[in-house]
Amino acid sequence: MCDIAICPGSFDPVTNGHLDIIKRASEKFDKIIVLVSYNAKKNGGTFTVSERVDFLKRCLTDIPNVTVDSYDGLLVDYARKVGASAIVKGLRAVSDFEEEFQMALINRQLAPEVDTVFMVSSLDYMYLSSSTVREICYFGGNIENFVPAEIVPDIVKKISKKKQI
């Protein structure tokens with residue numbers, strides 16, 4: 001049996017913290033699908049879904065059991081469609097846990113066959129979020145320690161354009 005897990009997120013943009021969770025999850029499951037998903041609580045995002053998928057694909061080429069996809073629907077419906085047995089979520093702080101725990105319980109009601117697995121962030125990334133990266137970049141700060149090097153120019157270019165508007 002092939003254990004498939006989904007690592008969902010908005011990844012707006014992907015950070016080194018996201019990559020840490022994805023890499024560690026790839027060591028625990030046969031296949032990881034990194035899923036760029038729509039978050040109704042966030043207003044569209046800075047980067048398009050296709051840009052986020054592209055960023056992730058470029059950053060994950062060295063992990064053979066990881067693929068990237070996108071989906072605009074219920075996560076559990078996608079999990080059933082691809083035969084996933086688990087959803088992997090990264091936790092940075094207690095505030096993350098409260099929201100993620102509630103979502104895990106809802107997903108459990110909707111799809112009891114799909115478990116949620118929580119992975120605690122590495123200490124190096126406990127403070128890191130996509131919104132923090134966007135804000136640092138918006139004000140001209142250096143984001144090189146927070147996101148993969150191969151996407152830094154793309155992030156700076158897009159956020160610089162937004163600042164000019």
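Structure shown above.
In this report, the structure presented in the accompanying data block is examined. (Residues numbered from 1 in each chain as written. Predicted model: local features only at pLDDT ≥ 70, side-chain atom pairs only at ≥ 80, totals over all residues. Heavy atoms only, no water.)

Moving on, we get to the pairing of strand β2 (residues 31–37). Taken across its 7 residues, β2 has 6 buried, putting it largely inside the fold. Summarising the sheet, strand β1 (residues 4–9) and β2 pair through 6 bridges and their orientation is parallel. By the bridge assignment, Cys7 is partnered in β2 with Val34. Handedness of the crossover joining β1 and β2 through helix α1 (residues 16–26) is recorded here as right-handed. Where β2 and strand β3 (residues 66–71) come together, 6 bridges link them in parallel fashion. Residue Ile33 lies in a different strand from β3, and its bridge partner there is Thr67. (Buried < 20%, exposed > 50% of the residue type's maximum accessible area, 1.4 Å probe, protein only. Helix = DSSP H or I, 4+ residues; strand = E, 2+ residues; numbered from the N terminus. Pairing = 2+ DSSP bridges. Right-handed = clockwise from strand over helix to strand, strands pointing away.)

Counted by the stated rule, this structure contains 10 salt bridges. A salt bridge links Arg134 to Asp12, with the shortest nitrogen-to-oxygen separation between them at 3.7 Å. Placement of the pair is Arg134 in helix α5 (residues 130–138) and Asp12 in the loop between β1 and α1, with a sequence separation of 122 residues. On the basis of relative accessibility, which here comes to 24%, the residue Arg134 falls in the partly exposed class. Relative accessible area serves as the criterion here: at 6%, Asp12 is assigned to the buried category. For the salt bridge of Asp96 with Arg92, the shortest nitrogen-to-oxygen distance reads 3.0 Å. Note on Asp96: relative accessible area 16%, which makes it buried. Arg92 sits in the partly exposed class, given a relative accessible area of 31%. Three or more residues are tied together by salt bridges with common partners; here these are Asp12, Arg52 and Arg134. (Salt bridge = Lys/Arg side-chain N within 4 Å of Asp/Glu carboxyl O.)

For the rest of this paragraph, the subject is a nonpolar patch on the surface. Residues Leu74, Met103, Ile106 and Leu110 make up a contiguous nonpolar surface patch of roughly 340 Å² in combined accessible area. By the element assignment, Ile106 lies in helix α4 (residues 94–110). (Patch = residues over 30% accessible without salt bridge, like charges linked within 9 Å, V, L, I, M, F, W, Y side chains within 5 Å. Areas by Shrake-Rupley, 256 points an atom, 1.4 Å probe, with all protein chains shown as cover.)

In this section: the pairing of strand β5 (residues 115–120). Examined bridge by bridge, strand β4 (residues 86–91) and β5 share 6 bridges and lie parallel to one another. If you follow Ala86 over to β5, its bridge partner there is Asp115. What joins β4 to β5 is α4, and the crossover it makes is right-handed.

On to the packing of aromatic side chains. In this structure the tally under the stated criterion is 6 aromatic pairs. Summarising the aromatic geometry, the rings of Phe47 and Phe55 are spaced 5.3 Å apart at their centres and angled 65° between planes, so their arrangement reads as edge-to-face. Residue Phe47 is classed as buried on the basis of its relative accessible area, which comes to 2%. With a relative accessible area of 4%, Phe55 lands in the buried category. With centroids separated by 5.1 Å and ring planes inclined at 25°, the aromatic side chains of Phe97 and Phe101 adopt a geometry described as stacked. One end of the pair, Phe97, and the other, Phe101, are both in helix α4, 4 residues apart, so they sit about a helical turn from each other. Under the relative-accessibility criterion, Phe97 is labelled partly exposed at 35%. For Phe101, a relative accessible area of 38% translates into the label partly exposed. One aromatic cluster is present, built from ring pairs that chain together Phe97, Phe101 and Phe118. (Phe/Tyr/Trp six-rings, centres within 6.5 Å; stacked < 30°, edge-to-face > 60°.)

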